[in-house]
Amino acid sequence: MFSSGRALLAAAFASLPLFTAAQQLPPQPAVEISPTPAFTIGRLVALPADNWVTNGGNVFNQRYSPLKQLNRDNVAQLKAKWRTSMGSGALPGNAGQAQILEYDGILYVVNGANDVFAIAVETGNILWTYHGNPDPKAGNPFGRSSRGVALGDGKVFVGQLDAKLVALDQKTGEVIWSVEVAPWREGFAITSAPLYYDGLVITGFNGGEMGTRGRVIAVNAADGSAAWTFYTVPGPGEFGHDTWPQDSDAWKQGGAPVWQTPAVDPELDMIYFSTGNPGPDLHGGLRPGDNLFSVSIVALNAHTGKYQWHFQQIHHDIWDYDSPNPVVLFDAPVNGVMRKGLVEVGKTGWAYILDRETGEPLIGIQERPVPQEARQATSATQPYPTGDAIVPQEITITPEGARLEPGTHHVPNHGRIFTPFWTDEVTVKPGTMGGANWPPSSYDPNTHLLYVCASDRISTFVVDPKLVAPTQPNTVYMGGRFGQAQAPDGGIFAALDVTTNRLVWRQQWRDICYSGSIVTGGGLLFVGRTDGRLTALDKDNGNKLWEFMTDAGVNSTVTTFMHKGQQYVAVHAGGGVFANGKRGDGIWLFSLDGAIEPYVPSTLGAAPTPRGAPGARPDLARGEEIYKQICMACHGETGAGGHGGGPTIVAGQSPELIMAVTASGRNTMPSFAATYSSADIRNVTAYIVDVLGGK
């Protein structure tokens, strides 16, 4: 199975069929899909129980379920009920980050290739599939992903990498309307799940590294017609434009993307979101000023898009300290008084806790002087929240080869937060992918604890004069380079009291934390791991109560719901681009009556199989199909070698060796672990050994 040409590999990947494990099940009774209503505002605010109909669980983005059937006492009995494959989402460059929605026994999920699936809860059967087919040149150059869909009024809404908003018929998957809401050829893309709210579909755009002018738009859910647009980089005559250079058009490439689904307070008729970095990311000298509304929390009128207030978390950001973590709304006592609050955790590692009516801090945030670099036009001060940082904000042990700024007045710098840089590389902590990134936080309205997934990372920063030319459409516009220091990354998972901004508990992980979390009334926290594990923690102290190894990195967020009296847990195990975990294409469903044991890599009898029963016999017909698609060109029709230069694979190699090489790759042969399920690798191995090898 060795390939000597990229063209051959591309052709092989392009020819892969959409295969689902559930499609191998015996015929099942027809499943009736119930269309969602045009959800009332009260339904969208309510805590999710029987169904999970919004990306955040409710429009407060709390990701809290009151369900208690699964709890501390019985979660150890949880097993997989089935696994279904989504096909092309596992191809190189795609990431599995979507949270699954569920309504009336049907799951709705999108993969990194913008394919949308409706899947029956009871069987795992795929009921319909929509193929997004975005242009290969569209989307984030650092990886292709989608973080979910929206439901409402009998439609499934999806934002695509080619900046289209699409409404699908919930019962059939057929396109009702499709609108290109921004020009993807200019660098715009949609990664976040859209928000369905009161007849509107609302979304932001990424593109902060692509020289775009950020924006949030709303369209009418009925037909996709435009309702309103808010620009996150204000133009001439708009409030905040004076925070950009007045003698240049820097604002036109000002960035401030929106990476997450907004939260909504229907009582105040406001939506809330946070924004990303200004553009170019690392060269502040091209854009003197605070650069509103970059790295800010912004509140708008939900029905008109009119500006209400903002709070800027980083003035004139040059470290890529943007705020992709979703804003969470809460009502809680602060200093003995019930307050309407919101919280957002940035890449700085701080939680920014504000009054959601006014945008004023609920808990103190002080402006403090920071080190300066005139060529970067650095801000004289930065906001420092009162309370605890989730991640360390300075380097305690200098990484090998790192250059740290010397500091001033005999006080060493230690590469601490807000250390500036110019054309000499400087090492700083938190790093650009540190702190809280896009994986959503969860909030318990009973204890007022916020659960945060974060990463402990050190980065290097440098301005590169060769990268400061005016941007070209749909090309990266960074103004410099950031890299990873010679130091291991770590994950941090923490519980923070939003009434005090103090840590209640915190734990260090060996791997980075790249999965969102949910919290339940049963005392559980569900959070994934990049190595493929799904874990349940005790929400009071973080103690691990259960784990299950899937077949790919769990870099998405769990969904839980009640169906016919049983509580289920569903998750997309698809891996991620930055998480260094294995990519895959699996949707896994868990319940107390599940029978599938955890996945064991490179073991013939323990992989999840098409019928969902461990130890089922290999499917030789399926193995032959795969062999002819990707193996025969190199290894020949009989396995004794072919024109592609591959060696014989029927000369006595063990099944375990064939499986291991197929999964991990060797020499010029790529890994197929992210493309095929472990069951399919077992199937093709059985075909090679039993049929071609004559055994």
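This text goes with the structure placed above it.
Everything quoted here is computed from the prediction, not taken from an experiment.

Calculation criteria
Residues numbered from 1 in each chain as written. Predicted model: local features only at pLDDT ≥ 70, side-chain atom pairs only at ≥ 80, totals over all residues. Heavy atoms only, no water. Helix = DSSP H or I, 4+ residues; strand = E, 2+ residues; numbered from the N terminus. Contact = heavy atoms within 4.5 Å. Areas by Shrake-Rupley, 256 points an atom, 1.4 Å probe, with all protein chains shown as cover. Phe/Tyr/Trp six-rings, centres within 6.5 Å; stacked < 30°, edge-to-face > 60°. Buried < 20%, exposed > 50% of the residue type's maximum accessible area, 1.4 Å probe, protein only. Salt bridge = Lys/Arg side-chain N within 4 Å of Asp/Glu carboxyl O. Pairing = 2+ DSSP bridges. Axes fitted to C-alpha atoms, helices over the stretch in contact; angles between N-to-C directions. 1 Å grid on protein atoms, 1.4 Å probe; cavity = no way out; pocket = protein on both sides within 12 Å on 5 of 7 lines; lining within 4 Å. Points joined across faces, edges and corners; volume = space filled by probe spheres on them. Nonpolar A, V, L, I, M, F, W, Y, C, P; charged D, E, K, R; others polar. Expected span 1.5 Å × (residues − 1). Polar contact = N/O pair within 3.5 Å; in protein donor to acceptor, adjacent residues only side chain to side chain. Core = buried A, V, L, I, M, F, W, Y, C linked by side-chain atoms within 4.5 Å.

This brings us to the overall build of the protein chain. Counting secondary structure elements, the protein chain contains 5 helices and 37 strands. Summarising the internal contacts of the protein chain: among those between residues at least 6 apart in sequence, 62% fall at separations of at least 24. Carbon and sulfur atoms make up 51% of the accessible area of the protein chain, which amounts to about 24,200 Å² in all.

Tallied over the full model, the rule gives 31 aromatic pairs. When the ring of Phe-493 is compared with that of Trp-505, the centres are 6.1 Å apart and the planes differ by 40 degrees; the resulting orientation is tilted. In this pair, Phe-493 sits in strand β29 (residues 490-497) while Trp-505 sits in strand β30 (residues 502-509), placing the two residues 12 residues apart along the sequence. Its relative accessible area of 10% is what places Trp-505 among the buried residues.

On to the pattern of salt bridges, then. Going through the model one piece at a time under the given rule, you end up with 32 salt bridges. Arg-533 is the salt-bridge partner of Asp-531, the closest N and O atoms lying 3.0 Å from each other. Overall, the relative accessible area of 13% leaves Arg-533 in the buried class. In this structure, the salt-bridge partner of Glu-625 is Arg-622, at a minimum N-O distance of 3.1 Å. Here Arg-622 and Glu-625 lie together in helix α3 (residues 620-635), a separation of 3 residues that amounts to about one turn. By relative accessible area, which is 7% here, Arg-622 ends up buried.

Next up on the list: the environment of Ala-487. Mapped onto the elements of the fold, Ala-487 is located in the loop between β28 (480-484) and β29. C-alpha separation for the pair Ala-487 and Thr-398, spaced 89 residues apart in sequence, amounts to 8.7 Å. Excluding residues within four positions of it along the chain, Ala-487 makes contact with Pro-399 and Ile-458.

In this section: the sheet that holds strand β12 (residues 200-204). Taking strand neighbours across the sheet as the criterion, the 4 strands line up as β11-β12-β13-β14 in an open arrangement whose pairing is antiparallel. One side of each edge strand has no neighbouring strand; the edge strands of this open sheet are β11 (195-197) and β14 (226-231). Each neighbouring strand pair of the sheet contributes to a mean axis angle of 20 degrees, computed without reference to strand direction. With 5 bridges connecting them, β12 and strand β13 (residues 215-220) associate as antiparallel partners. The residue bridging Gly-204 from the neighbouring strand is Val-216, located in β13.

Another point: empty space enclosed by the protein. Rolled over the atoms, a probe as big as a water molecule pinpoints where empty space is left. According to the stated counting rule, one finds 7 cavities of 30 Å³ or more in the structure shown. Its boundaries defined by the atoms lining it, the largest cavity holds a volume of some 130 Å³. For the largest cavity, the lining is made up of 16 residues, of which Asn-55, Arg-63, Arg-147, Trp-438 and Pro-440 are closest to its centre. Taken as a whole, the second largest cavity spans an internal volume of roughly 80 Å³. If you go around the second largest cavity, you meet 13 residues; those closest to its centre are Met-433, Asn-437, Ser-455, Ile-512 and Tyr-514. Among the residues forming the lining of the second largest cavity, the class breakdown is 9 nonpolar, 3 polar and 1 charged.

Our next topic: the sheet that holds strand β31 (residues 517-520). The strand order β1-β31-β32-β33-β34 describes an open sheet built from 5 strands, whose pairing is mixed. Edge strands, defined here as strands with exactly one partner in the open sheet, are β1 (64-65) and β34 (544-549).

Working note: α-helix, 3.6 residues per turn, so residues spaced by three or four point in the same direction. Taking 1.5 Å of rise per residue, 15 residues should cover 21 Å, and helix α5 (residues 678-692) covers 20 Å from first to last C-alpha, within 8% of that figure. Most of α5 is tucked away, with 13 of its 15 residues classed as buried.

Looking now at the environment of Tyr-443. For Tyr-443, the location among the structural elements is in strand β25 (residues 442-444). We classify Tyr-443 as buried; its relative accessible area is 1%. Separated by 379 residues in sequence, Tyr-443 and Tyr-64 place their C-alpha atoms 6.2 Å apart. When residues no more than four places from it in sequence are discounted, the contact partners of Tyr-443 are Gln-62, Tyr-64, Val-328, Phe-330, Asp-331, Ala-332, His-448, Leu-449, Leu-450, Val-498 and Val-519. In this structure the side chain of Tyr-443 is engaged in a polar contact, spanning 2.7 Å, whose partner is the side chain of His-448.

So, on to the pairing of strand β9 (residues 164-169). In the sheet, strand β8 (residues 155-159) pairs with β9 via 5 bridges, with the strands oriented antiparallel. Note that in β9 the partner of Val-158 across the bridge is Val-166. The antiparallel hairpin formed by β8 and β9 contains 4 residues in its connecting segment, where Ala-163 sits at a positive phi of about 60 degrees. The pairing of β9 with strand β10 (residues 175-180) spans 5 bridges and is antiparallel. Note that in β10 the partner of Val-166 across the bridge is Ser-178. The hairpin formed by β9 and β10 contains 5 residues between the paired strands, and Gly-173 there has a positive phi angle of roughly 80 degrees.

When a protein is soluble and globular, its nonpolar side chains tend to lie buried together. Grouped together as the largest cluster of nonpolar side chains are 124 residues, with contacts concentrated most on Tyr-108, Phe-526 and Phe-590. When sequence neighbours within four positions are dropped, the list of residues in contact with Tyr-108 reads Ile-33, Ile-100, Leu-101, Tyr-103, Phe-117, Ala-118, Trp-128, Val-149, Leu-151, Val-156 and Gln-170. Counting residues in each nonpolar core, the second largest holds 21 residues, with Phe-330, Ala-351, Ala-436 and Ile-492 among its members.

With that settled, consider unusual backbone geometry. The residue after Gly-279, namely Pro-280, is reached through a cis peptide bond having omega -5 degrees. With respect to the secondary-structure elements, Pro-280 resides in the loop between β16 (270-274) and β17 (296-301). That bond from Leu-292 to Phe-293 is cis: its omega, -5 degrees, falls within 30 degrees of zero. Tracing the backbone shows Phe-293 in the loop between β16 and β17. Phi at Arg-63 is positive, roughly 50 degrees, even though this residue is not glycine. Here Arg-63 lies in the loop between α2 (41-45) and β1.

This part is about the environment of Gly-279. Its place among the elements puts Gly-279 in the loop between β16 and β17. Sequence separation between Gly-279 and Gly-479 is 200 residues; the distance between their C-alpha atoms is 8.3 Å. For Gly-279, the contacting residues outside a window of four places in its chain are Gly-208, Trp-244, Gln-253, Gly-254, Gly-255, Arg-287 and Tyr-477.

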